[in-house]
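Tertiary structure, described
Chain by chain, the residues run as shown.
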Amino acid sequence: MKENWKEMAGAKLFVDKKLAQGNIVVFSKSYSPECKLLQKILSEYNLKNLLYVDIESRQDCTQLENYLQILCQTDARSVRT
């Protein structure tokens, strides 16, 4: 990942604000089978503070994914099943 923090600043601010709301936040893409499965599983628990954030239609989707990789300390760009 060669992107610098300045280029990622908007994505960082967006993600940090969502996480600071005190919700369980799932950043997802609607076409992802893993995301669909996770939503199905979580829906069974009737969680009141669950927030889904669809990132695929955002212009900064790549920057969001890059920042989420940093937060999760992983090289993976998606959830592995």
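Residues numbered from 1 in each chain as written. Predicted model: local features only at pLDDT ≥ 70, side-chain atom pairs only at ≥ 80, totals over all residues. Heavy atoms only, no water.

What follows deals with the environment of Lys18. Relative to the assigned elements, Lys18 resides in helix α1 (residues 5-20). The spatial distance from the C-alpha of Lys18 to the C-alpha of Leu51 is 8.7 Å, given a sequence separation of 33 residues. Once residues within four sequence positions are removed from consideration, Lys18 is found in contact with Val25, Phe27, Leu51 and Val53. (Helix = DSSP H or I, 4+ residues; strand = E, 2+ residues; numbered from the N terminus. Contact = heavy atoms within 4.5 Å.)

This paragraph deals with helix α3 (residues 61-72). Three- or four-residue spacings in an α-helix give side chains the same orientation, since the helix completes a turn every 3.6 residues. A rise of 1.5 Å per residue sets the reference length of α3, with its 12 residues, at 16 Å; its end C-alpha atoms lie 16 Å apart and thus fit the reference within 8%. Within α3, the full set of buried residues consists of Cys61, Leu64, Glu65, Asn66, Tyr67, Leu68 and Gln69. Turning to α3, the residues buried within the fold contact α1 and β1 (24-28). (Expected span 1.5 Å × (residues − 1). Buried < 20%, exposed > 50% of the residue type's maximum accessible area, 1.4 Å probe, protein only.)

Quick look at the packing of aromatic side chains now. For the coordinates displayed, the defined rule picks out zero aromatic pairs. The ring of Phe14 carries Arg58 above its face, with NZ or CZ at 3.8 Å from the centroid. (Phe/Tyr/Trp six-rings, centres within 6.5 Å; stacked < 30°, edge-to-face > 60°. Lys NZ or Arg CZ within 6 Å of the ring centre and 35° of its normal.)

On to the pattern of salt bridges, then. Per the stated rule, a full pass over the model turns up three salt bridges. The salt bridge involving Glu65 is made with Lys29; its shortest N-O contact spans 2.5 Å. Of this pair, Glu65 sits in helix α3 while Lys29 sits in the loop between β1 and α2 (33-43), and the two are 36 residues apart along the sequence. The class for Glu65 is buried, based on a relative accessible area of 13%. (Salt bridge = Lys/Arg side-chain N within 4 Å of Asp/Glu carboxyl O.)

Attention shifts here to unusual backbone geometry. Positive phi values are uncommon outside glycine, yet Asn46 reaches one of about 50 degrees. Structurally, Asn46 can be placed in the loop between α2 and β2 (50-54). Residue Gln73 is not a glycine yet carries a positive backbone phi of 50 degrees. Tracing the backbone shows Gln73 in the segment after α3. Overall, the relative accessible area of 74% leaves Gln73 in the exposed class.

Spatial relationships are all this shows, so hold off on functional conclusions.
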